[in-house]
Amino acid sequence: MTTPALLPLSGRRIPTLTPGVSSFPHHRATLRLSEKFILLLILSAFITLCFGAFFFLPDSSKHKRFDLGLEDVLIPHIEPGKEGKHNAGQIIIHGQGGHDEHRHKEEEESLRDKIRADHERALQEAKEKLRKSKDELKAEIQTEKTKVAEDLKKKDGPKPLPPVPMPKLVGVNDGDPGDPDTKEKRDKIREMMKHAWDSYRQYGWGHNELKPLAKKGHSTNIFGNSQMGATIVDALDTLYIMGLHDEFKDGQEWIEQNLDFSVNAEVSVFEVNIRFIGGLLAAYYLSGQEVFKVKAVQLAEKLLPAFNTPTGIPWAMVNLKSGVGRNWGWASAGSSILAEFGTLHMEFVHLTYLSGNPAYYEKVRHIRKLLAKMDRPNGLYPNYLNPRTGRWGQHHTSVGGLGDSFYEYLLKAWLMSDKTDTEARKTYDDAIEAIERHLIRKSNGGLTFIGEWKNGHLERKMGHLTCFAGGMFALGADGSPDDKAGHYLQLGAEIAHTCHESYDRTVLKLGPEAFKFDSGLEAVAVRQNEKYYILRPEVIETYWYMWRFTHDPKYRQWGWEATQAIDKYCRVSGGFSGVKDVYSSNPTYDDVQQSFFLAETLKYLYLLFSGDDLLPLENWVFNTEAHPLPVLHMANITLPGSQNQGLGKREGRRLLITELGILGCGTATDSSTEDEEEGTETLQTH
């Protein structure tokens, strides 16, 4: 059909109108040439459009789909360039040659093999997970959560610890005794310390301890399988107060460059706390070097997963890398040990103080609250507590091994709080009253001893570890209820005398590991496996406390006897070693220089022959590894359980502890009836 309007005017043919003939032309069966041309032009444009659209549509052959039985997988392909190299972004269209088809099959097989391998690995990991216990899985989940939180923190870089005021520090050096004879003895003890340190520096540097006869490093399972330099950390404060500053600097440099806690090592929570955290905190307070504070907090963070138990009572062991915890297999059906989970309070309070993180204080506060709710047979604390059930294990009570430092830390928590933590003091007093009633006896020869309570029966045996109690009784005499200060000071003196007898009745004048009071034998070891001396400090510790409170010269005399015996029978060319039989004139060495020999034994001896102005007890409290921590002399701060002077519990709970750097330390709410009765879990101001 024609469209006259589309034609140029010259191309139109206007018919001549003839009278009597219709003015409209008849219909034609054919098209004019110009009309054909226009139609062809339109048809060509339509064909071009169709072919263009076809070439620009996605080609389904660019991806090949195949089924592996698990899911459809899309395989992108890369076409080789002219030189046989793959150029990114170029696509192979399959089916264009045998070579491409062959290479495509190889790619498919390669991908199939990779997927099969990944699948097998996933199945193996799932099987390993299923073999693990529920507690292990929970610990791993908690550890992963902690890692995610740590990674988020690391994005912004490590955040410095908040500045906090340094507690009042008094008597961190000097302590000149004045008397030349006493000073000469003190210098001898200092020389012994230098011999022990130099030997370790030469033969065991970086190892946890030293084998002085073999002249090589040594470690035990309490430190795992890693070289964490336990002797270095444990000895730092002793070096500092003795004025061995070059040696102290060597230790500090090693810690700065080598002390790493991101190791796959299973360690004792208790031992790492008292030796490492206690040692690092003491070194920080004495020297003011920030590195010690930072390292202490870093290590403490690694111990927190140990508290991930149903009751909050920590595991005895924890892996520093994975956070998985467990208990000793021999400890009463997997129980935690009283002296271990009960010996955290001092260090953890200072960690909260220095870091501003309330978690440390909350952990130890929870332990105290849990124990306060439990029944105690005859008022005594058994040595074992199951962290899963919250029930006591065997009814075995001891003021020596397994129980000792729990009682010590009740008293010292009160002292460290500037005597405001009256809850701790009352718990201590109640425990000591039960111990006196059931465990303390006099032998036929008039020696006062502390036995062990086992299933309703008193075993008349006392361990070397128990000898610390003489010093504890003297330290806690001031503040005793019912005006019993004189009684407990006398009790401390009697224990000191008994422990001295255990030394004096041996050939070497060194005390055995344990001694009995029956069958006519008193303060003497009976079994061969109780006759050894491993450089322990507890007897000398009691001598020092008794000297500080009485200034009776016999305590210095007894201390000097022990010093001479150690130097004569335990000293070897490569350091100091324990002996296997204190009743033999030719003892065999155990070939171990314990880290606590430098941390405790030599420190207490040095203090015994120093003036009282060196680390005065009004300002310092020693942890159970003899690491001095300052009393928190802050008049406007009290610990929970202490006397509240002015604020109600609800108001005090909300307060910011500016000097401690703690905000929102507790989680109690105003609607918590239980917390209203038991007291807030936060540190609060008056």
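Residues numbered from 1 in each chain as written. Predicted model: local features only at pLDDT ≥ 70, side-chain atom pairs only at ≥ 80, totals over all residues. Heavy atoms only, no water.

For the protein, an unreviewed UniProt entry supplies the name alpha-1,2-Mannosidase and the organism Denticeps clupeoides. The UniProt entry for the protein carries the following comment under Sequence similarities (unreviewed entry): "Belongs to the glycosyl hydrolase 47 family." As recorded by UniProt, the Pathway (unreviewed entry) comment attached to the protein reads in full: "Protein modification; protein glycosylation." (UniProt positions renumbered as here; feature names shortened; annotations may be inferred.)

(A) Highlighting the pairing of strand S17 (residues 521-524). Pairing between strand S16 (residues 514-518) and S17: three bridges, direction antiparallel. Looking at S17, one finds that Asp518 is bridged to Leu521. (Pairing = 2+ DSSP bridges. Helix = DSSP H or I, 4+ residues; strand = E, 2+ residues; numbered from the N terminus.)

(B) Inspection of the pairing of S16 at higher detail. S16 sits mainly inside the fold: four of its five residues count as buried. Sheet topology places strand S15 (residues 461-463) next to S16; three bridges connect them, and they run antiparallel. Along S16, the bridge assignment pairs Met462 with Phe515. A loop of two residues connects S16 with S17, the two strands running antiparallel in sequence, and Ser519 in this loop sits at a positive phi of about 55 degrees. (Buried < 20%, exposed > 50% of the residue type's maximum accessible area, 1.4 Å probe, protein only.)

(C) Just the confidence of the model for the protein, in detail. Overall, the predicted model of the protein reaches an average pLDDT of 83, with 78% of residues at or above 70. Low confidence marks residues 60-96, where pLDDT is under 50. Its contacts with residues over four positions away, or in another chain, come to 60 contacts. Note that residues 636-686 has pLDDT below 50 and, in this model, 103 contacts with residues that lie over four places away or in other chains. (pLDDT = per-residue confidence, 0-100. Contact = heavy atoms within 4.5 Å.)

(D) Summary view of the sheet that holds strand S7 (residues 325-326). Ordered in space as S5-S6-S7, the three strands form an open sheet in which the pairing is antiparallel. Each edge of the open sheet carries a strand with a single partner, namely strand S5 (266-268) and S7. Looking at chain direction, strand S6 (residues 317-319) and S7 are connected through two bridges and run antiparallel. Considered in S7, the bridge of Met317 is made with Arg326. Together, S5 and S6 form the strand contacts of helix H7 (residues 269-287), whose direction differs from that of S5 by roughly 70 degrees. (Axes fitted to C-alpha atoms, helices over the stretch in contact; angles between N-to-C directions.)

(E) Region of interest: the UniProt feature "active site" (unreviewed entry) in the protein. Feature annotation in UniProt places "active site" (unreviewed entry) on Glu271, Asp404, Glu513 and Glu538, given in this structure's numbering. Mapped onto the fold, Glu513 is located in the loop between helix H15 (485-504) and S16. Setting aside chain neighbours within four positions, we find Glu513 in contact with Gly463, His464, Glu530, Tyr532 and Arg536. Its place among the elements puts Glu538 in helix H16 (residues 538-550). Since its relative accessible area comes to 9%, Glu538 is described here as buried.

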